[in-house]
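# Notes for the structure review
The primary structure of each chain is shown beneath.
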Amino acid sequence: MANKVSRDAVEALQGRLFDGMTIMAGGFGLCGIPETLIAAIRASGVKDLTVVSNNCGVDDFGLGILLAGGQIRKMISSYVGENKLFAELYLSGKLELEFNPQGTLAERIRAGGAGIPAFFTKTGVGTLVAEGKEVREFDGELYVMERGLTADLSIVKAWKGDAEGNLIYRMTARNFNPMMATAGKISVAEVEHLVETGSLDPDQIHTPGIYIQNLCEGAVYEKRIEQLTTRPREAA
């Protein structure tokens with residue numbers, strides 16, 4: 001049995017990083033993001049990155065720290081509204097952005113992991129999303145062609161994992177993490193709980209270990225809230 005466990009995130013990424021590479025980073029908002037691996041990438045100083053992620057964290061957390069370090073050249077994303085630095089960099093021409101409808105982004109990643117180079121979708125037809133892309137008619141309806149996405153490296157975050165790299169995600173963390181794990185030439189995971197091989201119920205495993213090259217256990221995780229919304233208490 002393979003033991004893919006590294007001592008920490010730095011060791012898990014050793015020899016995996018280079019300037020100009022494409023990285024997929026899992027998670028949804030600030031939920032299920034591989035924050036320990038992101039911090040290790042920040043510390044490495046690698047730059048000129050293309051990052052595929054649903055969003056780009058917030059100004060001082062998640063992928064936002066890579067923006068602050070000037071390490072990201074291009075983002076391929078669906079939603080970027082929580083990051084002021086992102087807006088400033090984009091509007092000043094210092095950051096490239098490829099916007100995707102959220103479902104299209106998820107399917108592009110899933111297709112890349114499944115070895116599907118392209119697919120057709122109705123989403124985006126007749127809008128800026130379709131500019132420069134092939135549009136074809138099927139059964140009287142127009143569809144735009146979207147390319148599958150792959151990456152040099154995928155970094156994902158799981159709730160539980162074993163030494164062979166089998167992973168279980170929890171709730172919202174299952175958005176993007178499972179498909180990104182399949183779409184990287186190399187996939188590295190961090191887990192909240194590292195468990196003994198064989199202790200995970202095979203029927204509950206979301207990512208089989210065959211997709212994961214290295215993993216590490218995170219120590220401390222910060223539960224951030226992007227937008228805290230409350231309403232006044234009703235008078236007693």
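Use the structure listed above.
The paragraphs below set out a description of the structure included in this document. (Residues numbered from 1 in each chain as written. Predicted model: local features only at pLDDT ≥ 70, side-chain atom pairs only at ≥ 80, totals over all residues. Heavy atoms only, no water.)

Let's shift gears to the overall build of the chain. Across its full length, the chain carries six helices and eleven strands. Taken along the three principal axes of its C-alpha coordinates, the chain extends 55 × 50 × 50 Å. Put simply, the chain has 236 residues, and 44% of those count as buried. When contacts within the chain are restricted to residue pairs at least 6 apart in sequence, long-range pairs at least 24 apart make up 72% of them. For the chain, the accessible surface area stands at approximately 12400 Å², while carbon and sulfur atoms represent 50% of it. Positive and negative charge centroids in the chain, built from 24 and 30 side chains respectively, lie 2 Å apart. (Helix = DSSP H or I, 4+ residues; strand = E, 2+ residues; numbered from the N terminus. Buried < 20%, exposed > 50% of the residue type's maximum accessible area, 1.4 Å probe, protein only. Contact = heavy atoms within 4.5 Å. Areas by Shrake-Rupley, 256 points an atom, 1.4 Å probe, with all protein chains shown as cover. Lys, Arg positive; Asp, Glu negative; His and termini not counted. Charge placed at Lys NZ, Arg CZ, Asp CG, Glu CD.)

Below, the discussion takes up the packing of aromatic side chains. For the structure shown, the criterion picks out three aromatic pairs. Note on Phe138 and Tyr143: the rings are 5.6 Å apart at their centroids and 80° apart in plane angle, and the pair reads as edge-to-face. On the basis of relative accessibility, which here comes to 32%, the residue Phe138 falls in the partly exposed class. The ring of Trp159 is capped by Lys160, whose NZ or CZ atom sits 4.5 Å from the centre of that ring. (Phe/Tyr/Trp six-rings, centres within 6.5 Å; stacked < 30°, edge-to-face > 60°. Lys NZ or Arg CZ within 6 Å of the ring centre and 35° of its normal.)

What follows covers unusual backbone geometry. Look at Asp48: it is not a glycine, yet its phi comes out positive at around 60°. Mapped onto the fold, Asp48 is located in the loop between helix H2 (35-44) and strand S2 (49-52). You will see that Asp139, though not glycine, has its phi angle at about 50°, which is positive. Along the chain, the position of Asp139 falls in the loop between strand S6 (135-138) and strand S7 (141-147). On the basis of relative accessibility, which here comes to 83%, the residue Asp139 falls in the exposed class.

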